Amino acid sequence: MNRLADAFPRLAALPRAGLIARATPIEPLAAVDGVHVKRDDLSAADYGGNKIRKLDFLLADAVARRRRELTVFGYAGSNFVAATSWHARKLGLHTIAGLLPQRAADYVVDNLSISLHCGSTLFVRDRDAALAAEALARTLRSLVAGRLPYWIPPGGSNALGALGFVDAAFELRAQIDADLMPRPAALYVPFSSMGTVAGLCVGLALAGLPVPIMAVQVVGDRHAGRTALLRLLSRLVTLLKRYGVVVAEPERLLAGVTIRSEFFGGEYARATPAVDDAIDRFVTASGARADSAYSGKALACLYADLLRPGRRAPMLYWHTFSASALPPDVSRASAGQAPPALRCYWN
Ligand SMILES: Cc1ncc(COP(=O)(O)O)c(C=O)c1O
């Protein structure tokens, strides 16, 4: 499945890892009118979620460049680090992950267990700068041993990773053309390392689907905001231009994105009562899993907007949290298997 290359044949030159076998389902959300859900939680049968789309490009690029090690970053319970560890191992790549501390949440031990199961190297520092310095020191050690690690920015959100969501917009277009849902009037999605929003924003424009995006803030302004999003959009537009694909100016693209910060709750992964309530409603209606760090906040925004007079309908909620907590044959690790700085998450 390579809809992007079908639309723009020169993009076929970019390798894909083949992690996504088919289009993720679109289904109406039970118990409310006019909302559909794009089930990216089902993007891969063993361990899905939104990160798989970015990894499809990033891991293929690492393999094409003959790298054997990846350097990645995230919070302690990062879905991206877990997804990278799992899918990279299948391609014979070793993951080295620099982690920032975070508030404890249900999914943290699951994600750490996946990375530990995969034999990933995990280290923790409490600030971005210290994390980058340690990653650099480890890269130099790998270099001395003859290995150049492939660095992936937080959340897999560089231009290449974001291409996964340009592709996703074409997938959505095909599903709308097949009458699986009417053309949405608004799209709701969590906004963190920004690659998902950047890719969708560019992809929707290219696919002729100018759908306004509600980018629901789930991290502090330091990590996600308009200026940083504009920078990522510019890089993505430049990458596409290199392959002969012409898109609107980044500033014009940005006009289609509304950053919604009312549901952030002041801290990454902190669940406000509105978030807990949104998770309960969604899980009951859809049977899918949801989390307090990402999907719960986007859902809180969606449910709040449903009550607003003059709301835009139909709405599309893009569900980004993996359907499976743990891939097949992975069980929860014990605290003793984790580096000492991560054992606090088992309490
Ligand atoms: C479950 C989930 N949803 C949404 C996001 C946000 O996507 P992005 O980092 O591309 O903004 C993430 C990324 O960390 C995630 O893990």
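Residues numbered from 1 in each chain as written. Predicted model: local features only at pLDDT ≥ 70, side-chain atom pairs only at ≥ 80, totals over all residues. Heavy atoms only, no water.

A. Summary view of the pattern of salt bridges. Counted by the stated rule, this structure contains 20 salt bridges. With a closest N to O distance of 2.7 Å, D46 and K90 form a salt bridge. With D46 in the loop between strand 2 (35–39) and helix 2 (51–64) and K90 in helix 3 (residues 79–90), this pair connects stretches of sequence that are 44 residues apart. Accessibility expressed as a relative area gives 17% for D46, which makes it buried. Here D128 ties to R222 by a salt bridge, and the two come within 2.9 Å at their closest N and O atoms. Of this pair, D128 sits in helix 5 (residues 128–144) while R222 sits in the loop between strand 8 (213–217) and helix 8 (226–242), and the two are 94 residues apart along the sequence. Among the residues examined, R222 registers a relative accessible area of 65% and is labelled exposed. Among the charged side chains, a salt-bridge network with shared partners connects K38, D40, R53 and E171. (Salt bridge = Lys/Arg side-chain N within 4 Å of Asp/Glu carboxyl O. Helix = DSSP H or I, 4+ residues; strand = E, 2+ residues; numbered from the N terminus. Buried < 20%, exposed > 50% of the residue type's maximum accessible area, 1.4 Å probe, protein only.)

B. Local environment of the pairing of strand 2. A large share of strand 2 lies buried, amounting to 5 of its 5 residues. Burial along strand 2 is two-sided: V35, V37 and R39 and H36 and K38, pointing in opposite directions, are all buried. Bridging between strand 1 (residues 26–28) and strand 2 involves 3 bridges; their strand directions are antiparallel. Looking at strand 2, one finds that E27 is bridged to V37. Here strand 1 hands over to strand 2 after 6 residues, with A31 in that stretch at a positive phi of 75°. Examined bridge by bridge, strand 2 and strand 10 (residues 315–319) share 5 bridges and lie parallel to one another. Bridge pairing in strand 10 places H36 opposite L316. (Pairing = 2+ DSSP bridges.)

C. Structural view of the site of the ligand. Near the ligand lie 15 residues; those nearest to it are K51, K54, S193, T196 and T320. In the environment of the ligand, an oxygen atom lies 2.8 Å from a nitrogen or oxygen atom belonging to the backbone of S192. At 2.5 Å from an oxygen atom of the ligand is found a side-chain nitrogen or oxygen belonging to S193. If you list the elements that add at least two residues to the shell around the ligand, you get helix 2, strand 7 (186–191) and helix 7 (195–206). Taken together, the residues of the shell around the ligand sort by class into 5 nonpolar, 8 polar and 2 charged. (Near = heavy atom within 4 Å. Polar contact = N/O pair within 3.5 Å; in protein donor to acceptor, adjacent residues only side chain to side chain. Nonpolar A, V, L, I, M, F, W, Y, C, P; charged D, E, K, R; others polar.)

D. Seen up close, the packing of helix 3 against helix 4 (residues 106–117). Relative orientation of the contacting elements helix 3 and helix 4 amounts to 25°, with a least axis distance of 8 Å. By the angle between their axes, helix 3 is roughly parallel relative to helix 4. Crossing handedness for the pair helix 3 and helix 4: left-handed. Two secondary-structure elements touch here, helix 3 through N79, V81, A82, S85, W86 and R89 and helix 4 through Y107, N111, I114, S115 and H117. (Axes fitted to C-alpha atoms, helices over the stretch in contact; angles between N-to-C directions. Parallel < 35°, antiparallel > 145°, perpendicular 65-115°, else oblique. Left-handed = near helix turned anticlockwise from the far one by under 90°. Contact = heavy atoms within 4.5 Å.)

E. Region of the structure containing the sheet that holds strand 1. With mixed pairing, 6 strands are arranged side by side in an open sheet as 1-2-10-7-8-9. Looking at the sheet topology across the chains shown, the edges are occupied by strand 1 and strand 9 (257–260). Strand-to-strand twist across the sheet, computed as the mean angle between neighbouring axes with direction ignored, equals 25°. Docked against the sheet, helix 11 (residues 295–306) engages strand 2, strand 7, strand 8, strand 9 and strand 10, running at close to 170° with respect to strand 10.

F. Local environment of the environment of R343. In this structure, R343 sits in the segment after strand 10. Each residue touching R343, except ones within four places of it in the same chain, is listed here: A335, G336 and A338.

G. Inspection of the UniProt feature "domain: Tryptophan synthase beta chain-like PALP" (unreviewed entry) in the protein chain at higher detail. Taking the UniProt record as the reference, the feature "domain: Tryptophan synthase beta chain-like PALP" (unreviewed entry) is found at residues 22–306. Within the segment residues 22–306, helix and strand shares are 47% and 15% respectively, and the terminal C-alpha atoms sit 30 Å apart. (UniProt positions renumbered as here; feature names shortened; annotations may be inferred.)

H. Molecular detail of the pairing of strand 4 (residues 94–100). The buried fraction of strand 4 is high, at 6 of 7 residues. Relative to strand 4, strand 3 (residues 69–75) is paired through 7 bridges, and the arrangement is parallel. If you follow V72 over to strand 4, its bridge partner there is A97. A crossover links strand 3 with its parallel partner strand 4, the connecting element being helix 3, and its sense is right-handed. (Right-handed = clockwise from strand over helix to strand, strands pointing away.)

I. Molecular detail of the UniProt feature "modified residue: N6-(pyridoxal phosphate)lysine" (unreviewed entry) in the protein chain. UniProt annotation of "modified residue: N6-(pyridoxal phosphate)lysine" (unreviewed entry) refers to K51 when read in the numbering used here. Taking relative accessible area as the criterion, K51 reaches 12% and is therefore assigned buried. Excluding residues within four positions of it along the chain, K51 makes contact with F80, A83, G155 and S193.

J. The arrangement of the side chain of S322 in detail. For S322, the location among the structural elements is in the segment after strand 10. A distance of 3.2 Å separates a polar side-chain atom of S322 from the backbone nitrogen of G48. Only 2.8 Å separates the side chain of S322 from the backbone oxygen of S324, close enough to count as a polar contact. Excluding anything up to four places from it in sequence, S322 contacts D41, Y47, G48, G49 and R289.

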